[in-house]
Amino acid sequence: MDPTDAFRGDYIQVNLEAETVPESRLDRSAIEYFARHKGGELTVYALLKKDEAGICHVKTVSAEKPRGGIYLKGKAWEDGDQKVYIDYHLDKFFVPQHAGKEIEQAATKGRAVAVVKIYRGRAVITNLVTE
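My aim in this report is to walk through the structure given alongside it, one point at a time.

## Examining the side chain of D10
Okay, step 1: Along the chain, D10 turns up in strand β2 (residues 9–13).
Okay, step 2: Side-chain polar atoms of D10 contact the backbone nitrogen of G100, separated by 3.1 Å.

Laid out in structure tokens, this is it:
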């Protein structure tokens, strides 16, 4: 894809920390599903917890929709290396033209945070903030 769009600006490929989760964060429902369906894809719900800085991290991943709290809905699969990958469809973001390269470089160094609005498990990136 062309990294620049005349109407939307520079395109940035986003890779979130929440997209790669250790298997230790799976709850019983997710563990049982993956045990029965090796190589299968599962709709999951990642329950998030805010840290003292207000940044959300994945607390647990479940095959069952949470009754409350902040959560993201996504499609998950195992890699066989004690990790689960989750696709929340948050992998693209557009920024003002000529700002993309600087933001991507900061993100590669771990110096960027995605600002995300979440409603009933669905999310949209509203901004990328760099240090």
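Don't stop here, the text continues.
## Focus on the pattern of salt bridges
Okay, step 1: Counted according to the given criterion, the structure contains 1 salt bridge.
Okay, step 2: With a shortest N-O distance of 3.4 Å, R28 and E32 are connected by a salt bridge. Of the two residues, R28 and E32 both sit in helix α1 (residues 28–36), 4 residues apart, roughly one turn of that helix.

## Points about the layout of surface pockets
Over the atoms, a rolled probe matching the size of one water molecule traces out where space is still vacant.
Okay, step 1: By volume, the largest pocket amounts to about 950 Å³.
Okay, step 2: Around the largest pocket, the lining is made up of 34 residues, and of these L16, E17, V113, A114 and V116 lie nearest the centre.
Okay, step 3: Those elements that place two or more of their residues in the lining of the largest pocket are β2, β4 (42–50), β5 (56–62), β6 (71–78), α2 (100–108) and β9 (112–119).
Okay, step 4: No other element matches the 6 residues that β9 contributes to the lining of the largest pocket.
Okay, step 5: Along the lines of polarity and charge, the residues of the lining of the largest pocket split into 21 nonpolar, 7 polar and 6 charged.

## Digging into the pairing of strand β10 (residues 122–130)
Okay, step 1: Strand direction decides the pairing type here: β9 and β10, joined by 8 bridges, are antiparallel. Residue pairing across strands places K117 opposite V124, the latter belonging to β10.
Okay, step 2: Counted along the chain from β9 to the antiparallel partner β10, the turn is 2 residues long, and its residue R120 has a positive phi close to 50°.

## A closer look at the pairing of β4
Okay, step 1: Alignment of β4 against β6, held across 6 bridges, turns out to be antiparallel. What sits directly across from T43, in β6, is K75.
Okay, step 2: Note: β4 against β5, 6 bridges, orientation antiparallel. Across the sheet, the residue bridging to K49 is H57, located in β5.

## Examining the sheet that holds β5
Okay, step 1: Ordered in space as β3-β7-β6-β4-β5, the 5 strands form an open sheet in which the pairing is antiparallel. A strand with exactly one partner marks an edge of an open sheet, and here the two such strands are β3 (20–22) and β5. For this sheet, the mean inter-axis angle between neighbouring strands, taken without regard to orientation, is 45°.
Okay, step 2: Relative to strand β7 (residues 83–87), β6 runs antiparallel, the two sharing 4 bridges. Bridging across to β7, K75 finds its partner in D87.

About the cut-offs
- Residues numbered from 1 in each chain as written.
- Predicted model: local features only at pLDDT ≥ 70, side-chain atom pairs only at ≥ 80, totals over all residues.
- Heavy atoms only, no water.
- Helix = DSSP H or I, 4+ residues; strand = E, 2+ residues; numbered from the N terminus.
- Polar contact = N/O pair within 3.5 Å; in protein donor to acceptor, adjacent residues only side chain to side chain.
- Salt bridge = Lys/Arg side-chain N within 4 Å of Asp/Glu carboxyl O.
- 1 Å grid on protein atoms, 1.4 Å probe; cavity = no way out; pocket = protein on both sides within 12 Å on 5 of 7 lines; lining within 4 Å.
- Points joined across faces, edges and corners; volume = space filled by probe spheres on them.
- Nonpolar A, V, L, I, M, F, W, Y, C, P; charged D, E, K, R; others polar.
- Pairing = 2+ DSSP bridges.
- Axes fitted to C-alpha atoms, helices over the stretch in contact; angles between N-to-C directions.

Geometry only, nothing functional implied.
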